[in-house]
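So the chains spell out like this:
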Amino acid sequence: MDLEARSLQPNVKAVLLAKLREYKSDLNNLKSEHKRLASANSNQAARDDLLESGMADAMSVSANQRGRLMMSNERLNESSDRIKESRRTMLETEELGVSILQDLHQQRQSLLHANDTLHGVDDNISKSKKILTNMSRRMSRNKWIISSIIVVLVVAIALILYFKLSK
């Protein structure tokens, strides 16, 4: 998980590495608490055995030891449950992080595709603009040519009429 987080982009990597460090420190704290409780319980039990070995009533000592042993087992089970819950939470968080990273990757791909499409459209618009500009120039040139032909024809008709009427 640490290697995956390090291979990501810097902004995502920093957040994931911070969470990972936090989870590791929580796990280490829970492990040390478990060890402390286990060693405190075993030390306490050994101490009580030594102190109570001189007692005459073996039944009361046995019942007392059994009670302490049950309390120690209960504490140990509670600590184990907390560790399991922490581990489950860590795994859920990791799954959520992976899911978020996959969603972000898909969104990135969508944005890149949209960017490529946008560049293609921009290129097509530029080509269309050039074609329309060329068409406008040709249209203006054709208007001038047709106007020139009309003027030449009108002048030719006027000349023909002048010569026909003057004879």
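What this report covers is the structure whose coordinates are included nearby. If you're wondering where the values come from, they're calculated on a predicted model, not measured in any experiment.

**Brief notes about the pattern of salt bridges**
Next, step 1: Enumeration according to the criterion identifies three salt bridges in this entry.
Next, step 2: Between R88 and E85 there is a salt bridge, with its nearest N and O atoms 2.2 Å apart. Pair noted here: R88 and E85 are both in helix 3 (residues 58–166), with a separation of three residues, about one helical turn.
Next, step 3: We classify R88 as partly exposed; its relative accessible area is 37%.
Next, step 4: Here E92 and R88 are joined by a salt bridge, their closest N and O atoms 2.3 Å apart.

**Overview of the packing of aromatic side chains**
Next, step 1: This structure, assessed with the given rule, holds one aromatic pair.
Next, step 2: A ring pair is formed by Y162 and F163, whose centres lie 5.6 Å apart and whose planes are at 65°; its orientation type is edge-to-face.
Next, step 3: On the basis of relative accessibility, which here comes to 54%, the residue Y162 falls in the exposed class.

**Here we look at the environment of D26**
Next, step 1: Looking at the secondary structure, you find D26 in helix 2 (residues 10–52).
Next, step 2: Relative accessible area serves as the criterion here: at 36%, D26 is assigned to the partly exposed category.
Next, step 3: As for D26 and M90, which are separated by 64 residues in sequence, their C-alpha atoms are 9.9 Å apart.

**Quick notes on the layout of surface pockets**
Next, step 1: Of the voids in this model, the second largest pocket is the one considered here, and its volume is about 250 Å³.
Next, step 2: Lining the second largest pocket, in full, are L8, Q9, N11, V12, L101, L104, H105 and R108.
Next, step 3: At the level of elements, helix 2 and helix 3 are the ones that each hand at least two residues to the lining of the second largest pocket.
Next, step 4: A total of four residues in the lining of the second largest pocket trace back to one element, the largest contributor, which is helix 3.

What counts and how
- Residues numbered from 1 in each chain as written.
- Predicted model: local features only at pLDDT ≥ 70, side-chain atom pairs only at ≥ 80, totals over all residues.
- Heavy atoms only, no water.
- Salt bridge = Lys/Arg side-chain N within 4 Å of Asp/Glu carboxyl O.
- Helix = DSSP H or I, 4+ residues; strand = E, 2+ residues; numbered from the N terminus.
- Buried < 20%, exposed > 50% of the residue type's maximum accessible area, 1.4 Å probe, protein only.
- Phe/Tyr/Trp six-rings, centres within 6.5 Å; stacked < 30°, edge-to-face > 60°.
- 1 Å grid on protein atoms, 1.4 Å probe; cavity = no way out; pocket = protein on both sides within 12 Å on 5 of 7 lines; lining within 4 Å.
- Points joined across faces, edges and corners; volume = space filled by probe spheres on them.

Purely geometric numbers; function is a separate question.
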